[in-house]
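# Commentary on secondary and tertiary structure
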Amino acid sequence: MSMVESENFQHILRVLNTNIEGKKKVMYAMTSIKGIGRRFSNLICKKADVDMSKRAGELSQEEIENLMQVVSNPRTFKVPDWFLNRQKDYKTGTYSQLVSSQLDTKLREDLERLKKIRNHRGLRHYWGIKVRGQHTKTTGRRGRTVGVASKK
């Protein structure tokens with residue numbers, strides 16, 4: 001496969017503190033940003049009127065700005081609430097799409113809140129064991145060694 005490169009082709013784009021590979025198609029290149037999957041990437045490309053047959057390195061600065069505008073406030077572009085990854089925030093009650101470092105921060109805050117109120121989920125996170133009801137008798141032993149120490 002040979003690609004004809006234009007003069008302003010970028011091999012690596014820096015968007016939302018993430019390196020995006022310029023050789024990939026726009027939709028798949030956007031998925032390298034944490035918090036943006038294939039479906040959301042497809043949707044934001046359509047809402048920002050970006051040609052999906054383009055490579056990420058061929059995008060103009062204006063098109064990148066349009067994409068970031070849709071990512072930063074998707075509800076103004078009529079993205080449905082069920083599509084967003086932060087629904088009914090605990091403190092504010094708002095719906096939003098979190099990406100990159102925002103996602104990490106919110107996850108950490110949620111886990112700290114669960115630990116602070118001594119919730120069952122929070123305690124299991126604190127202990128480092130399975131949280132979602134899985135069996136723990138034989139699986140999940142990578143973190144800590146489980147078993148009997150042999151006598152000498």
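Residues numbered from 1 in each chain as written. Predicted model: local features only at pLDDT ≥ 70, side-chain atom pairs only at ≥ 80, totals over all residues. Heavy atoms only, no water.

### Quick word on the packing of aromatic side chains
Short version of the rule: Pairing of aromatic rings covers Phe, Tyr and Trp, the last through its six-membered ring, and needs centres within 6.5 Å; plane angles under 30 degrees mean stacked, over 60 mean edge-to-face, and all others mean tilted. Secondary structure elements follow DSSP: runs of H or I no shorter than four residues count as helices, runs of E no shorter than two count as strands, and numbering proceeds from the N terminus. Exposure classes here rest on a 1.4 Å probe applied to the protein chains alone. A residue is buried below 20% of its type maximum, exposed above 50%, and partly exposed in between.
Taken as a whole and assessed by the stated rule, the structure comprises two aromatic pairs. Ring centres 6.2 Å apart and planes at 40 degrees place the aromatic pair F40 and F83 in the tilted group. Linking F40 in helix α2 (residues 38-47) with F83 in the loop between α3 (61-72) and α4 (101-116), this pair joins segments that are 43 residues apart in sequence. According to the relative accessible area criterion, F40 is buried, its value standing at 4%.

### Section: α3
To keep things clear, this is the line we draw: Given the number of residues in a helix, its expected span is that number minus one, multiplied by 1.5 Å. The criterion used for residue contact is that any of the two residues' heavy atoms lie within 4.5 Å.
Taking 1.5 Å per residue, 12 residues should reach 16 Å; α3 reaches 16 Å between its end C-alpha atoms and fits that length. Those residues of α3 hidden inside the fold are in contact with β1 (12-15), α1 (26-30) and α2.

### Quick look at the pattern of salt bridges
For clarity, the threshold we go by: One side-chain nitrogen of Lys or Arg within 4 Å of one carboxyl oxygen of Asp or Glu is enough to make a salt bridge.
All chains considered together, the criterion is met by eight salt bridges. Close ionic contact of K106 with D89 constitutes a salt bridge, the shortest N to O distance being 3.8 Å. Taken together, the residues span a long stretch of sequence, with K106 in helix α4 and D89 in the loop between α3 and α4 at a distance of 17 residues. For D89, a relative accessible area of 8% translates into the label buried. The residue E112 makes a salt bridge to K115 at a minimum N-O spacing of 3.8 Å. With E112 and K115 both in helix α4 and three residues apart, this pair spans about one turn of that helix. For E112, a relative accessible area of 45% corresponds to the partly exposed category. Salt bridges here are not isolated pairs; linked through shared partners, they connect R86, D89, K106, E109 and D110.

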